[in-house]
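Take a look at the letters that make up each chain.
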Amino acid sequence: MTKLGRELASKGINIISLSVGEPDFNTPDHVKDAAKKALDENYTRYSPVPGYPDLRQAIVNKLKTENNLDYDVSQIVVSTGAKQSLSNVILTLIDPDDEVIIPTPYWVSYSEMVVLAEGKSVFIDTDIESNFKITPEQLEAAITPKTKLFMFSSPCNPTGSVYSKEELAALVKVFEKHPNIYILSDEIYEHINFVDKHESIAQFESIKDRVIIVNGFSKAFAMTGWRLGYIAANKEIAAANDKLQGQTTSGTCSIAQRAGIVAYEQGLESVLKMKEAFLRRRELVYNLLNEIPGVKTNLPDGAFYFFPEISSFFGKKDADGNVIKDSSDLALYLLNVGHVATVGGDSFGNNNYIRLSYAASDESLVEALRRIKEALAKLN
């Protein structure tokens with residue numbers, strides 16, 4: 001959808017993109033200054049495969065200070081973005097026919113990474129009534145002797161759902177009964193969180209050794225293009241990720257790593273300012289979505305997405321008589337008629353929804369929701 005939107009924009013059509021999953025803010029100046037300094041200090045050679053030791057120590061310090069989690073530098077592997085970190089974990093853990101449990105909706109690449117590892121994805125469906133969160137009973141029912149990994153994100157892309165400590169504790173009780181299952185916790189949206197504080201499933205000692213945290217700098221510090229992510233895991237898994245990465249990409253960009261150290265060492269002031277803007281935009285979009293007949297939405301607790309239910313428009317026709325059959329059709333219709341780029345929910349495993357990113361200016365959001373409301377009203 002982003003690609004199609006850009007193609008229309010190149011023809012002079014004013015497209016508002018709500019399809020891209022990245023902050024619309026610039027990287028903080030102190031982080032950029034650290035990169036410039038790294039160049040001046042000639043950090044231009046190969047870096048260690050798992051990352052510079054001082055960056056890994058900064059990550060260890062962050063996990064202790066912000067999350068009250070104890071890790072050693074040897075348990076941290078820095079990669080070219082959290083996406084590579086996810087892929088590394090799956091490729092090192094999953095053998096052919098191993099099963100990976102994934103709650104839906106899920107970030108689009110999860111299931112494809114499982115395919116690359118020759119594993120099998122087992123999906124647990126959720127909906128808007130449950131705020132897109134699974135229950136312990138659903139988890140237990142999905143587990144089989146072939147289950148090797150459970151992977152999820154909190155805060156979630158695409159729904160913005162956030163698991164509370166109590167909800168995680170209930171899932172942990174299930175994992176305690178199944179000691180052969182690993183848990184991959186994608187926490188990349190950790191700091192874009194509108195509830196009390198971020199809760200990591202790694203805080204539960206009974207399963208901590210089986211938890212692999214994936215995190216990074218892209219969302220919190222608006223560093224999507226810097227490609228800097230990492231895992232925190234037990235030493236065996238970390239070593240395996242190090243070994244795999246050494247045969248694929250080797251160490252992450254040296255300049256990005258030096259900037260990452262400063263990002264973690266100089267506090268969260270810029271992050272909190274960005275979070276304030278996202279909170280304001282969340283309220284704005286929530287109110288505007290609730291004014292659109294036929295659209296059903298919840299109020300997400302984190303990230304910068306809405307995942308409204310739009311199935312009431314299925315079966316309706318546009319002005320040319322084309323039938324809206326699914327979420328992809330509706331997203332394409334909104335792009336061509338409303339000139340707003342969104343993403344169909346089928347990409348995330350839930351066809352009755354679309355994803356809207358509110359990582360855009362207030363003015364753009366108001367105009368985009370006006371266009372969406374107007375376009376949907378034309379369907380009959």
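Looking at an unreviewed UniProt entry, one finds the protein chain named Aminotransferase, with Pedobacter chinensis as its source organism. Quoted verbatim from the Cofactor (unreviewed entry) heading of the UniProt record, the comment on the protein chain is "pyridoxal 5'-phosphate". What the UniProt record of the protein chain gives under Sequence similarities (unreviewed entry) is the line "Belongs to the class-I pyridoxal-phosphate-dependent aminotransferase family."

### With respect to empty space enclosed by the protein
Taken as a whole and assessed by the stated rule, the structure comprises three cavities of 30 Å³ or more. What the largest cavity holds in volume is close to 110 Å³. What lines the largest cavity is a set of 15 residues, among which Pro 103, Pro 105, Phe 152, Ser 153 and Cys 156 lie closest to the centre. Residue assignment for the lining of the largest cavity shows that the elements contributing at least two residues are β3 (99-104) and β5 (147-153). The class makeup of the residues in the lining of the largest cavity is eleven nonpolar, four polar and no charged. Taken as a whole, the second largest cavity holds about 40 Å³ of empty space. As for the second largest cavity, its lining consists of Leu 289, Ile 292, Val 295, Pro 308, Ile 310, Ile 354, Leu 356, Ile 372 and Leu 376. Broken down by class, the residue content of the lining of the second largest cavity amounts to nine nonpolar, no polar and no charged.

### Some remarks on the UniProt feature "domain: Aminotransferase class I/classII large" (unreviewed entry) in the protein chain
Summarizing the sequence annotation, UniProt attributes the feature "domain: Aminotransferase class I/classII large" (unreviewed entry) to residues 14-371 in the numbering used throughout. Counted over residues 14-371, helix gives 37% and strand 14%. Its end C-alpha atoms are 12 Å apart.

### Focus: the sheet that holds strand β9 (residues 305-306)
By definition, the strands of a sheet pair up through backbone hydrogen bonds, in either a parallel or an antiparallel sense. Sheet architecture is open: three strands sit in the order β9-β12-β11, paired in antiparallel fashion. The open sheet has two edge strands, β9 and β11 (343-344), and neither has a second partner. Pairing between β9 and strand β12 (residues 354-357): two bridges, direction antiparallel. Bridge pairing links Tyr 305 to Ser 357 in β12.

### Considering the packing of helix α10 (residues 269-289) against helix α12 (residues 362-377)
Look at α10 against α12: their axes get within 10 Å of each other, and the N-to-C directions meet at 15°. Between α10 and α12, the crossing angle belongs to the class labelled roughly parallel. Every pair of crossing elements has a handedness; the one defined by α10 and α12 is right-handed. Every residue of α12 that contacts α10 at Arg 280, Arg 281, Leu 284, Val 285, Leu 288 and Leu 289 is listed here: Asp 362, Leu 365, Val 366 and Leu 369.

### Details of the domain arrangement of the protein chain
For the protein chain, the domain assignment lists domain 1 (1-21 + 270-377) and domain 2 (29-266). The interface is formed by 27 residues belonging to domain 1 together with 29 residues belonging to domain 2. When the two sides are added together, the surface that domain 1 and domain 2 hide from each other amounts to roughly 2300 Å², 61% of it contributed by carbon and sulfur. Connecting domain 1 to domain 2 are one salt bridge. For the salt bridge of Glu 129 with Lys 296, the shortest nitrogen-to-oxygen distance reads 2.3 Å. In this structure, the connection of domain 1 to domain 2 is made through 14 residue pairs in polar contact (both at pLDDT 80 or more). Elements with a contribution of two residues or more to the side of domain 1 that touches domain 2: α10 and β9.

Basis of the calculations
- Residues numbered from 1 in each chain as written.
- Predicted model: local features only at pLDDT ≥ 70, side-chain atom pairs only at ≥ 80, totals over all residues.
- Heavy atoms only, no water.
- UniProt positions renumbered as here; feature names shortened; annotations may be inferred.
- 1 Å grid on protein atoms, 1.4 Å probe; cavity = no way out; pocket = protein on both sides within 12 Å on 5 of 7 lines; lining within 4 Å.
- Points joined across faces, edges and corners; volume = space filled by probe spheres on them.
- Helix = DSSP H or I, 4+ residues; strand = E, 2+ residues; numbered from the N terminus.
- Nonpolar A, V, L, I, M, F, W, Y, C, P; charged D, E, K, R; others polar.
- Pairing = 2+ DSSP bridges.
- Axes fitted to C-alpha atoms, helices over the stretch in contact; angles between N-to-C directions.
- Parallel < 35°, antiparallel > 145°, perpendicular 65-115°, else oblique.
- Left-handed = near helix turned anticlockwise from the far one by under 90°.
- Contact = heavy atoms within 4.5 Å.
- Domains from an automatic or database assignment.
- Buried area = accessible area lost by both parts, 1.4 Å probe.
- Salt bridge = Lys/Arg side-chain N within 4 Å of Asp/Glu carboxyl O.
- Polar contact = N/O pair within 3.5 Å; in protein donor to acceptor, adjacent residues only side chain to side chain.

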